[in-house]
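# A closer look at the structure
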Amino acid sequence: MSIELQKGMTSNKGFMTGYLEALSLVERLHRLLLDVIKDEFERVGVLEINAVQALLLFNIGDNEVTAGELKSRGYYQGSNVSYNLKKLVEMGYMHHQRCEIDRRSVRVRLTPRGREVRDVVSDLFARHAEGLDTKGVIGLDGIDDITISLKRVERYWTDQIRYIY
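Please read these numbers as outputs of a predicted model, since none were measured by experiment.

### Thoughts on the nonpolar core
Within the largest apolar cluster, 23 residues are counted, with the highest numbers of intra-cluster contacts made by Leu-57, Ile-60, Leu-88 and Met-94. For this core, the elements supplying multiple residues, two or more each, are helix H1 (3-43), helix H2 (51-60), helix H4 (81-90), strand E3 (106-110) and helix H5 (112-134). For Ile-60, the contacting residues outside a window of four places in its chain are Val-65, Leu-70, Met-94, Val-108 and Leu-110.

### Regarding the packing of aromatic side chains
Across all of its chains, the model carries one aromatic pair by this definition. Centre to centre, the rings of Phe-58 and Phe-125 are 5.0 Å apart; their planes meet at 85 degrees, and the pair counts as edge-to-face. Here the residue Phe-58 occupies a position in helix H2, and Phe-125 occupies one in helix H5, the gap between them amounting to 67 residues. Judged by its relative accessible area of 25%, Phe-58 is partly exposed. Taking the relative accessible area as the measure of exposure, Phe-125 reaches 22% and is therefore partly exposed. Above the plane of the ring of Tyr-93 lies Arg-113, whose end atom (NZ or CZ) is 4.5 Å from the centre.

### Some thoughts on the packing of H2 against H4
At their nearest, the axes of H2 and H4 sit 11 Å apart, and the two run at 80 degrees to each other. In terms of axis orientation, H2 runs roughly perpendicular to H4. Of H4, the residues touching H2 (which contributes Val-52, Gln-53, Leu-56 and Leu-57) are Asn-84, Leu-85, Lys-87 and Leu-88.

### Details of the sheet that holds strand E1 (residues 65-66)
Strand order in the open sheet formed by three strands is E1-E3-E2, with antiparallel pairing between adjacent strands. Every other strand in the sheet has two partners, leaving E1 and strand E2 (94-98) as the edge strands with one partner each. Sheet strands touched by H2: E1, E2 and E3. Its angle to E3, the strand with the most contacts, is close to 95 degrees.

### Some remarks on the side chain of Thr-66
Positionally, Thr-66 belongs in strand E1. For Thr-66, the residues in contact, after removing those within four places along its chain, are Cys-99, Ser-105, Val-106 and Arg-107.

### Comments concerning the packing of H2 against H5
The N-to-C vectors of H2 and H5 enclose an angle of 90 degrees; their axes lie 8 Å apart at closest approach. With respect to H5, the element H2 is oriented roughly perpendicular. Across the interface between the two elements, Ala-54, Leu-55, Leu-57 and Phe-58 of H2 pack against Gly-114, Val-117, Arg-118, Val-121, Ser-122 and Phe-125 of H5. Of the residues assigned to the contact of H2 with H5, the class counts are seven nonpolar, two polar and one charged.

What counts and what doesn't
Residues numbered from 1 in each chain as written. Predicted model: local features only at pLDDT ≥ 70, side-chain atom pairs only at ≥ 80, totals over all residues. Heavy atoms only, no water. Core = buried A, V, L, I, M, F, W, Y, C linked by side-chain atoms within 4.5 Å. Buried < 20%, exposed > 50% of the residue type's maximum accessible area, 1.4 Å probe, protein only. Helix = DSSP H or I, 4+ residues; strand = E, 2+ residues; numbered from the N terminus. Contact = heavy atoms within 4.5 Å. Phe/Tyr/Trp six-rings, centres within 6.5 Å; stacked < 30°, edge-to-face > 60°. Lys NZ or Arg CZ within 6 Å of the ring centre and 35° of its normal. Axes fitted to C-alpha atoms, helices over the stretch in contact; angles between N-to-C directions. Parallel < 35°, antiparallel > 145°, perpendicular 65-115°, else oblique. Pairing = 2+ DSSP bridges. Nonpolar A, V, L, I, M, F, W, Y, C, P; charged D, E, K, R; others polar.

Here is the structure:
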């Protein structure tokens with residue numbers, strides 16, 4: 001085997017190790033984010049809503065969207081969108097109404113109660129952003145680098161879904 005081929009295999013093995021570590025970290029960070037949100041809602045005494053639902057309300061914000069748009073816009077990742085929307089409507093965190101044009105489609109938006117939940121999550125994220133910056137954990141350049149890299153991976157994966165049979 002040539003030295004160049006051996007070097008390529010070594011660097012690919014190193015890249016693969018780093019890639020798998022990054023994937024694992026993204027997965028752990030998402031679970032940890034949900035735990036952080038859950039803890040915040042326990043701290044403020046809101047126990048009827050779970051972290052996934054709170055994050056969904058935060059991501060919808062002031063928008064009015066359909067269930068399909070929730071996924072396509074990246075507001076929500078998961079297979080139980082309908083369940084969580086139904087629960088949020090039942091608990092009074094969201095309004096829903098059938099679209100006038102397409103009666104099969106339902107549009108949702110936050111109620112004042114839903115906006116209160118959104119604000120709790122927003123305040124939590126603002127405190128985190130300030131803490132990360134002021135404590136020197138990561139600065140603007142670091143956040144920008146992470147975001148750019150993650151967007152590149154997202155684009156690559158999206159292309160894999162679209163263009164591979």
